[in-house]
Amino acid sequence: MSQLNTLTEPGETIVNGSRYMRDAKGSLVPVEAIKPAHKLEDEVIRKIMGHARDLSAQIARFRGHTFTDLGEFDALLEQEYGSTRGGKKGNRTYQSFDGLMKVSVSVADHIDFGPQLQIAKQLIDECLNEWAADSRPELRAIVTRAFNTDRPDQVNRGEIFMLLRLEIEDPRWLRAMEAIRDAMRVTGSKTYLRFYERAAPDASWEAVTIDMAKAKGGAS
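These notes cover the structure that comes with them. (Residues numbered from 1 in each chain as written. Predicted model: local features only at pLDDT ≥ 70, side-chain atom pairs only at ≥ 80, totals over all residues. Heavy atoms only, no water.)

**Description of the environment of glycine 99**
Here's step 1: Tracing the sequence through the fold places glycine 99 in the loop between β4 (92-95) and β5 (101-113).
Here's step 2: Residue glycine 99 is classed as buried on the basis of its relative accessible area, which comes to 7%.
Here's step 3: Through-space distance from the C-alpha of glycine 99 to that of arginine 198 is 8.3 Å; in sequence the pair is 99 residues apart.
Here's step 4: With residues up to four places along the chain from it excluded, the contact list for glycine 99 reads Arg198 and Trp205. (Helix = DSSP H or I, 4+ residues; strand = E, 2+ residues; numbered from the N terminus. Buried < 20%, exposed > 50% of the residue type's maximum accessible area, 1.4 Å probe, protein only. Contact = heavy atoms within 4.5 Å.)

This is the structure we're talking about:
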């Protein structure tokens, strides 16, 4: 019986003295049967993924250390002054003494919508159907974007909130907006760290981003 031994090179396996690589179906393919371009692509991707894992772990450690440092600072403030920094949702900002650097912590609620949203949709449709030609095209576009998504159980949250900002006095529209508010359910929250710096106290803040797509010095 052939026995599977340990890897000799990344992605390769030795079976009975022969070198193989496993394909996407899980089958072992002799290395000599693999096209050089595919073999080179595999090597490049494995190298990049190694760096990506290391960077991801470094960012995770940085995030953990940042929250620890800020938490310890908050604890000192509470011990000294008997109160904590930030609003009731946990949003807070920290700034260097020279006013050139700051770190903000923001907490964003994750909101889902209950069955009341269907009632709101029916009321909105009634309004649009009755208003017909009198309804503005942009209003119909907002409603369409709010409720027409790839999955029937999902909505466009941004457009739903846009509906709530519209000033329409029709009683059915007002009941629809009330139904939307009743449908909102906070199902969780996520905490975000953001970093900023500026060249002078009267200059505009610039974000120090860890997003690779926006990082300075990268390829365009």
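Back to the text.
**A few points about the packing of aromatic side chains**
Here's step 1: Under the definition given, this model contains 2 aromatic pairs.
Here's step 2: With a centroid separation of 5.5 Å and an interplanar angle of 45°, the aromatic rings of phenylalanine 62 and phenylalanine 195 are classed as tilted. Taken as a pair, phenylalanine 62 in helix α1 (residues 36-81) and phenylalanine 195 in strand β6 (residues 184-197) lie far apart in primary sequence, 133 residues in all.
Here's step 3: Accessibility expressed as a relative area gives 15% for phenylalanine 195, which makes it buried.
Here's step 4: For the pair phenylalanine 73 and tyrosine 94, a centre-to-centre distance of 5.9 Å together with 70° between the ring planes defines the contact as edge-to-face. Here phenylalanine 73, found in helix α1, pairs with tyrosine 94, found in strand β4; they are 21 residues apart in sequence, far enough to count as distant.
Here's step 5: On the basis of relative accessible area, phenylalanine 73 is assigned to the partly exposed category, the value being 35%.
Here's step 6: What makes tyrosine 94 buried here is its relative accessible area of 8%.
Here's step 7: A cation over a ring is seen here: lysine 102 above tyrosine 196, with NZ or CZ 5.2 Å from the ring centre.
Here's step 8: Across from the ring centre of phenylalanine 147, 5.5 Å away, lies the NZ or CZ of lysine 121, which sits over that ring. (Phe/Tyr/Trp six-rings, centres within 6.5 Å; stacked < 30°, edge-to-face > 60°. Lys NZ or Arg CZ within 6 Å of the ring centre and 35° of its normal.)

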